Amino acid sequence: MRNFLEIEAPVIDRFGGMSGLQAKLRKPLPSDQVLTIPDNLWLSAASRAVFQAGFSWKVVEKKWPDIEKIFYGFDLSFCRYLSEEALDDLMRQEGMIKHWTKTRSIQRNADFFWCLSDEYRSLGEYFSSWNTENYVDNLKYLRKGGDRLGGKTAQVFLRRMGVDTLVFASDTIRALIREGVVNKSPSSKKDWLALQNAIEIWQGQSNRSLNEISQILSLSVG
């Protein structure tokens, strides 16, 4: 595994210098801003990422304002108590994307998020406390406790909310394989441990966020 400064050097050259690369990169929000994001916005963003997985992102984006109205702005208390019959009725409303398991995930994730919010005082409090040392464990907890919140879906959701995270884009995975971190998209305990070790080392070498590391790895391919 190379020093991260070696990986980013040709990417810097490609964009005409460090300032050009910095302008290209999407950075996470400061933790104090993540802290203030209301609970309902976390559920809305998670649900949108779930619906977009394997589906047209543009169609979901176009329909999302109507879906937010159908689910009362994704209020956690409203959504977590929805019965299967109520969910079925809501799924049939005009503007709703008619996909049962994804619709049901709204209720399940609302319940999971409500429990997190109750324990940590808010979802913003919980997600703003994430750090690199616990990154893999946090992802696993999100996947285990939530519904359909594994893999790239969770990472897309977190990135949109400003949480510092990798996103397993195809080129990012290719770069991780090239650098000898994994030999495929991480799935086993061994893969995840290798990834955790790699990102800690690379952050120490580069002083960059996971967002930046992820994007630079992707840009280094090709």
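It should be noted that the structure appears before, not after, this text.
Report follows, based on the coordinates. Quantities reported herein were computed from a predicted structural model and do not represent experimental measurements.

The next point concerns the overall build of the chain. Along the backbone of the chain there are 14 helices and 0 strands. Ordered by position in the sequence, the α and β elements of the chain form the string α-α-α-α-α-α-α-α-α-α-α-α-α-α. Taking 2.2 N^0.38 as the reference for a compact globule, 222 residues should give roughly 17 Å; the C-alpha atoms of the chain span a radius of gyration of 19 Å, in line with that estimate. Taking the intrachain contacts of the chain between residues at least 6 apart in sequence as the baseline, contacts between residues at least 24 apart amount to 68%. Accessible surface computed for the chain: about 11000 Å², of which carbon and sulfur atoms make up 50%. A gap of 7 Å separates the mean positions of the 30 positive and 27 negative side-chain charges of the chain.

Turning our eyes to something else, we now look at the environment of Ile106. Structurally, Ile106 is set in helix α8 (residues 100–120). A C-alpha to C-alpha distance of 9.0 Å links Ile106 and Val50, two positions 56 residues apart in sequence. Excluding anything up to four places from it in sequence, Ile106 contacts Leu43, Ser47, Phe51, Phe71, Phe74 and Cys79.

Along the chain, the position of Ser117 falls in helix α8. Accessibility expressed as a relative area gives 9% for Ser117, which makes it buried. In this structure Ser117 touches Asp39, Ser122 and Leu123, once residues within four positions along its chain are discounted.

Quick look at the packing of helix α10 (residues 135–145) against helix α11 (residues 151–160) now. To describe two helices that pack against each other, one gives the angle between their axes and the distance between the axes. It is the contact of α10 with α11, at a shortest axis distance of 10 Å, that shows an interaxial angle of 110 degrees. When the axes of α10 and α11 are compared, the pair comes out roughly perpendicular. Between α10 and α11 lies a crossing of right-handed hand. Note on element contacts: α11 touches α10 through Ala154, Gln155, Phe157 and Leu158, opposite Tyr135, Leu139 and Leu142. Within the contact of α10 with α11, the residues separate by chemical class into 6 nonpolar, 1 polar and no charged.

So, about the packing of α8 against α10. Packing of α8 against α10 brings their axes to within 10 Å, and their N-to-C directions diverge by 130 degrees. Between α8 and α10, the interaxial angle falls into the category oblique. Here α8 contributes Phe112, Phe113 and Leu116 to the contact with α10, which in turn contributes Tyr141, Leu142 and Gly145. When the residues that make up the contact of α8 with α10 are grouped by side-chain class, the tally is 5 nonpolar, 1 polar and no charged.

On to the packing of aromatic side chains, then. On inspection of all chains with the given rule, the structure shows 17 aromatic pairs. Taking the centre distance of 6.1 Å and the plane angle of 85 degrees together, the rings of Trp42 and Phe157 count as edge-to-face. With Trp42 in helix α4 (residues 39–52) and Phe157 in helix α11, the pair connects residues that are 115 residues apart, well separated along the chain. Look at Phe157 and you get buried, because its relative accessible area is 0%. Here the aromatic rings of Phe127 and Phe157 are separated by 6.0 Å at their centres, their planes lie at 85 degrees, and the arrangement is edge-to-face. Taken together, the residues span a long stretch of sequence, with Phe127 in helix α9 (residues 123–128) and Phe157 in helix α11 at a distance of 30 residues. By relative accessible area, which is 2% here, Phe127 ends up buried. One aromatic cluster is present, formed by Trp42, Phe112, Phe113, Tyr120, Tyr126, Phe127, Trp130, Tyr141 and Phe157 through successive ring pairs. Between Arg80 and the ring centre of Tyr81, over which it is positioned, the NZ or CZ distance is 4.8 Å. Cation over ring: Arg80 sits above Trp114, and NZ or CZ is 3.9 Å from the ring centre.

Turning to the nonpolar core, a few remarks are in order. In this structure, Trp42, Phe71, Phe113, Phe127, Leu142 and Phe157 are the most contacted members of the largest nonpolar core, which totals 65 residues. It is α4 that provides the largest number of residues to this core, a total of 7 residues. When near neighbours in sequence (up to four residues on either side) are disregarded, Phe71 contacts Phe78, Cys79, Leu82, Leu87, Leu90, Met96, Thr103 and Ile106.

Taken as a whole and assessed by the stated rule, the structure comprises 0 disulfides. With no disulfide of its own, Cys79 has Cys115 as its nearest cysteine by sulfur position, at a separation of 14 Å.

Thresholds applied
Residues numbered from 1 in each chain as written. Predicted model: local features only at pLDDT ≥ 70, side-chain atom pairs only at ≥ 80, totals over all residues. Heavy atoms only, no water. Helix = DSSP H or I, 4+ residues; strand = E, 2+ residues; numbered from the N terminus. Rg over C-alpha atoms; globule rule 2.2 N^0.38 Å. Contact = heavy atoms within 4.5 Å. Areas by Shrake-Rupley, 256 points an atom, 1.4 Å probe, with all protein chains shown as cover. Lys, Arg positive; Asp, Glu negative; His and termini not counted. Charge placed at Lys NZ, Arg CZ, Asp CG, Glu CD. Buried < 20%, exposed > 50% of the residue type's maximum accessible area, 1.4 Å probe, protein only. Axes fitted to C-alpha atoms, helices over the stretch in contact; angles between N-to-C directions. Parallel < 35°, antiparallel > 145°, perpendicular 65-115°, else oblique. Left-handed = near helix turned anticlockwise from the far one by under 90°. Nonpolar A, V, L, I, M, F, W, Y, C, P; charged D, E, K, R; others polar. Phe/Tyr/Trp six-rings, centres within 6.5 Å; stacked < 30°, edge-to-face > 60°. Lys NZ or Arg CZ within 6 Å of the ring centre and 35° of its normal. Core = buried A, V, L, I, M, F, W, Y, C linked by side-chain atoms within 4.5 Å. Disulfide = S-S within 2.5 Å.

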